[in-house]
Amino acid sequence: MLLIAGLGNPGQAYAKNRHNIGFMAVDEIARRWGFSPARSRFQSLASEGAIDTPQGPVRALLLKPQTYYNESGRAVGEALKFFKLKPADLVVFYDEIDLAPGRFRVKTGGGAAGNNGIRSVAAQVGPDFRRARLGTGHPGHKELVQGHVLSDFHKVEMKWVEPLLEACADALPLLAVGEDEKYQAEVMRLAPAEKADPRKAARGD
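The shown structure was predicted, so the numbers you read here are calculated from the model rather than taken from an experiment.

**Thoughts on the sheet that holds strand E3 (residues 44-51)**
(1) Moving on: Read across the sheet, 7 strands follow the order E2-E3-E4-E1-E5-E7-E6 without closing on themselves; strand pairing throughout is mixed. Bordering the open sheet on either side are strand E2 (39-41) and strand E6 (104-108), each of which pairs with just one other strand. On average, each strand axis in the sheet is tilted by 30° relative to the strand beside it, whichever way the strands run.
(2) Moving on: Sheet topology places E6 next to strand E7 (residues 130-135); 5 bridges connect them, and they run antiparallel. Counterpart to threonine 108 in the pairing with E7 is arginine 130.
(3) Moving on: Against the sheet, helix H5 (residues 158-170) makes contact with strand E5 (90-96), E6 and E7, and its axis sits at roughly 155° relative to E7, the strand it touches most.
(4) Moving on: In the packing of helix H7 (residues 180-190) onto the sheet, contacts are made with E5, E6 and E7, and the angle to E6 comes to roughly 170°.

What follows is the structure in structure tokens.
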């Protein structure tokens, strides 16, 4: 079984924030694979379903923690313990300011790189879970980061946001069978995005 969590903040006020792209990814996965309607469980909105793969269907639980972004670990840890899953069975989708807009990376383990949601998850389950990082770009200066991540995507940005989310959902069978590198490559094939240094791009360097 796979536990797929998206990070974000609950409530309509945050729904279109850059910080909520993890929630958006989970919503698109639920839509694409016909998961059950979300219900309150594990301090989250949770949906159940299966992902069809060449090796057969893989059961999955989708989570959107309702604990606010920085406390996401409380919800994720509760679900992981309930199902007696290992950290390797957990994939967390979240926004990454150190990736250019539309870029995508999957890795296992590592530090939190200043992301309090990831720090919270690691505090509950250890660092060895899988991280699906969705590039949202950097505002250029550290003091602008909070305002940047809590601002809504502009309408023009949806031209790369929507294809990225669709690619994450369409390529999911590769992630479900543990082919993380192939999954990353397929997402980037389906939704290409230019490599760039997000800080320099924001500053116009």
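Text resumes after the structure shown.
**Here's the deal with the side chain of asparagine 20**
(1) Moving on: Position of asparagine 20 among the secondary structure elements: in the loop between strand E1 (2-6) and helix H1 (21-33).
(2) Moving on: Within the structure, asparagine 20 has its side chain in polar contact with the backbone oxygen of tyrosine 14 (distance 3.3 Å).
(3) Moving on: With sequence-adjacent residues up to four places away left out, asparagine 20 is seen in contact with Leu7, Gly8, Asn9, Tyr14 and Ala15.

Parameters and conventions
- Residues numbered from 1 in each chain as written.
- Predicted model: local features only at pLDDT ≥ 70, side-chain atom pairs only at ≥ 80, totals over all residues.
- Heavy atoms only, no water.
- Pairing = 2+ DSSP bridges.
- Helix = DSSP H or I, 4+ residues; strand = E, 2+ residues; numbered from the N terminus.
- Axes fitted to C-alpha atoms, helices over the stretch in contact; angles between N-to-C directions.
- Contact = heavy atoms within 4.5 Å.
- Polar contact = N/O pair within 3.5 Å; in protein donor to acceptor, adjacent residues only side chain to side chain.

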